Amino acid sequence: MANINSNDIEINSLEMLNEFLSATDNSENAFYISSVPEICKTSPCVLGIDEAGRGPVLGPMVYGTSFCPVEKSEILKKLECADSKDLTEEKRDVIFSNILNSLDTVGWAVEVISPNTICNNMLKRAKYSLNAVSMDSAIGLIRAAEAAGVNIEHIYVDTVGKPEKYQAYLLSIFPQYKITVAKKADSTYPIVSAASICAKVTRDHALQIWKFQEGLDLTHKDFGSGYPGDPVTKKFLAEYCDLVFGFPQLVRFSWSTASNVLDKAAYHVEWEDPEEEKSEIPADTTSITSFFKVVPPKSLHTKKRKRHEYFTQRCLSNQVEF
Amino acid sequence: MAIHIQSGKTKACHNTQLKIQYMPFKIAADSEANVSSYFDKYVKLKEDSNYNASFRGYPLTGKKIDIPDGYKGVILHERIKPVTDKDDRNFYVINEFNSFMYWNWDKVPSKNDPILQTIDDWFDIAEALHSPIIEQ
């Protein structure tokens with residue numbers, strides 16, 4: 001089995017999680033999968049998927065999965081993975097540590113999708129939406145668990161958009177599994193709560209240890225939660241707006257919270273419009289009705305001779321004077 | 001209208017370390033930019049020997065372009081903008097370079113890009129036009 005982790009760190013404590021995150025380049029995605037407990041390879045397993053940090057204007061979005069044998073699923077309640085909602089950051093850390101202490105029964109994986117990857121995708125010429133990024137990440141997690149030998153029986157996913165459509169899409173890719181896509185799956189299914197904890201804790205820690213490659217000496221207390229309503233985040237966006245480059249790459253430029261600040265504070269930038277080049281009707285196109293009109297023959301002859309495209313494509317024009 | 005390019009008086013520092021970035025957008029500014037902290041750090045070489053980078057979240061694909069032998073790149077500065085089309089224009093060489101990074105927005109630089117066509121083709125044309133004719 002090939003090692004698909006970004007490096008060889010074995011995450012068995014919060015400190016090791018921090019070490020793993022520090023060792024990755026925070027402008028790129030990172031992937032981690034725990035070692036798969038032997039029992040998860042033999043007994044049929046449930047596998048939960050959830051995401052953290054979809055809305056904030058700062059930091060990575062993290063997709064998480066956790067899995068355990070169906071017959072052992074009561075362990076999740078013991079680990080307090082019953083309902084991940086409304087938990088404090090400290091409480092989530094405790095539950096995550098519980099999961100790490102049960103790695104003989106429960107396995108987990110996360111994909112950290114960097115803020116730079118998110119905006120690069122959303123600002124492509126052919127836009128790759130956040131929903132598409134999310135679904136592909138979930139599919140990647142299932143494939144990674146499969147490849148690591150997890151005996152998957154039933155997959156539970158917290159929804160992105162309409163649950164029916166998403167469920168049908170996942171079933172078309174993985175017809176061999178039972179798949180349940182539901183709203184608020186993290187409070188309904190303990191295995192999704194566990195996945196949600198893994199994702200949330202990874203995102204929390206990614207922000208706590210965030211090192212600005214731009215060299216800014218700031219901590220997560222200086223930039224806040226990243227939720228558009230957070231006054232600390234608002235202040236951070238206003239104060240650390242570079243006139244030319246905009247923001248450090250912690251920020252998701254494609255969020256309106258960020259682009260509104262740029263529109264007001266930074267130098268105006270104009271990109272070529274990708275639509276413009278294609279939608280334009282060539283200048284010499286004749287409308288079909290014009291064939292029925294009487295056109296004075298003269299206008300056909302006064303038409304300016306077109307330059308050969310060899311010159312126009314190379315932006316070459318006549319230059320007589322020097 | 002005549003265009004004069006002055007390179008004698010100004011001390012054009014030939015700086016081979018000078019990094020020119022040809023960006024695929026217009027910016028309404030003429031100022032210093034913190035390129036090393038905000039841009040260079042994120043420039044990454046890809047397997048196909050092109051480069052990746054980002055500007056304000058936009059994905060960029062770049063290629064290092066070497067100026068062919070016998071040519072050099074110059075950066076010109078015009079101190080006084082002309083008032084009419086007929087005025088003479090004076091440009092001063094303020095820097096020189098022999099390679100630059102050409103960036104496209106989410107598109108691999110290729111011969112569809114006018115400036116790369118120019119380098120590949122125009123130099124040949126110029127050579128054919130301006131070389132002394134040798135009788136055979």
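Structure shown above.
Given the structure is predicted, the values throughout are model-derived calculations rather than measurements.

Draft legend 1. How the structure looks around a nonpolar patch on the surface. All names here are of chain B. A cluster of nonpolar side chains, contributed by M1, I3, I5, V74 and L76, occupies part of the molecular surface with about 400 Å² of accessible area. Of all the secondary-structure elements, those providing two or more residues to the nonpolar patch are β1 (3–6) and β8 (73–77). Tracing the backbone shows I3 in strand β1. A residue is classified by how much of its surface remains accessible, and I3, at 45% relative accessible area, is partly exposed.

Draft legend 2. Up close: the pairing of strand β6 (residues 178–182) of chain A. When you tally the buried positions in β6 of chain A, you get four out of five residues, the bulk of the element. Note on the crossover from strand β5 (residues 152–158) of chain A through helix α7 (residues 163–173) of chain A to β6 of chain A: the handedness is right-handed.

Draft legend 3. Structural detail: the interface of chain A and chain B. Opposite the 38 residues of chain A that make contact, chain B presents 36 residues. For the pair chain A and chain B, the two sides together bury roughly 3,500 Å², of which 57% comes from carbon and sulfur. Our count for the chain A to chain B interface comes out at two salt bridges. E28 of chain A is paired through a salt bridge with K44 of chain B; the nearest N and O atoms lie 3.3 Å apart. Where chain A packs against chain B, one counts 16 residue pairs in polar contact (both at pLDDT 80 or more). Contributing elements (two or more residues each) for the side of chain A that touches chain B: α5 (115–122), β7 (269–271) and α15 (309–313) of chain A. Each residue belonging to the side of chain A that touches chain B can be placed in one class, and the counts come to 20 nonpolar, eight polar and 10 charged. In this structure, β7 of chain A lies alongside strand β4 (residues 25–27) of chain B, joined through three bridges in antiparallel fashion. In the sheet register, V269 of chain A faces β4 of chain B, and the bridge partner there is I27 of chain B.

Draft legend 4. Representation of helix α2 (residues 114–130) of chain B in the model. Along its length, α2 of chain B shows its largest kink, about 35 degrees, at D121 of chain B. Of the positions making up α2 of chain B, those classed as buried are L116, Q117, I119, D121, F123 and A126 of chain B.

Draft legend 5. Spotlight on the sheet that holds strand β6 (residues 51–55) of chain B. Residue and element names in this part refer to chain B. Taken together, the five strands give an open sheet; going across it, the order is β3-β10-β7-β6-β5, and neighbouring strands pair in mixed fashion. Strands at the two margins of the open sheet, each flanked by one partner only, are β3 (21–22) and β5 (44–45). Pairing of β5 with β6 involves two bridges; the strand directions are antiparallel. Bridge assignment links K44 to a residue of β6, and that residue is N52. Running over the sheet, α2 touches β3, β7 (58–66) and β10 (99–105) and is turned about 145 degrees from β10.

Draft legend 6. Quick peek at the pattern of salt bridges. Under the defined criterion, the tally for this structure stands at 13 salt bridges over all chains. The shortest N-O distance in the salt bridge between D40 of chain B and K19 of chain B comes to 3.6 Å. Here K19 of chain B lies in the loop between β2 (13–14) and β3 and D40 of chain B lies in the loop between α1 (35–38) and β5, a separation of 21 residues in the sequence. By relative accessible area, which is 59% here, K19 of chain B ends up exposed. Within this structure, D25 and E28 of chain A together with K44 of chain B form a network of salt bridges that share partners.

Draft legend 7. Expanded view of helix α4 (residues 89–100) of chain A. All names here are of chain A. Taking 1.5 Å per residue, 12 residues should reach 16 Å; α4 reaches 16 Å between its end C-alpha atoms and fits that length. Residues R92, D93, I95, F96, I99 and L100 constitute the buried set of α4. The buried residues of α4 occupy one face: seen down the axis, they fall within an arc of 165 degrees. Next to the buried residues of α4 lie α1 (14–23), β4 (107–113) and α9 (190–208).

Calculation criteria
- Residues numbered from 1 in each chain as written.
- Chains lettered and ligands numbered in written order.
- Predicted model: local features only at pLDDT ≥ 70, side-chain atom pairs only at ≥ 80, totals over all residues.
- Heavy atoms only, no water.
- Patch = residues over 30% accessible without salt bridge, like charges linked within 9 Å, V, L, I, M, F, W, Y side chains within 5 Å.
- Areas by Shrake-Rupley, 256 points an atom, 1.4 Å probe, with all protein chains shown as cover.
- Salt bridge = Lys/Arg side-chain N within 4 Å of Asp/Glu carboxyl O.
- Helix = DSSP H or I, 4+ residues; strand = E, 2+ residues; numbered from the N terminus.
- Buried < 20%, exposed > 50% of the residue type's maximum accessible area, 1.4 Å probe, protein only.
- Right-handed = clockwise from strand over helix to strand, strands pointing away.
- Contact = heavy atoms within 4.5 Å.
- Buried area = accessible area lost by both parts, 1.4 Å probe.
- Polar contact = N/O pair within 3.5 Å; in protein donor to acceptor, adjacent residues only side chain to side chain.
- Nonpolar A, V, L, I, M, F, W, Y, C, P; charged D, E, K, R; others polar.
- Pairing = 2+ DSSP bridges.
- Bend = angle between axes of the 7 residues up to and from the residue.
- Axes fitted to C-alpha atoms, helices over the stretch in contact; angles between N-to-C directions.
- Expected span 1.5 Å × (residues − 1).
- Arc of directions from axis to C-beta.

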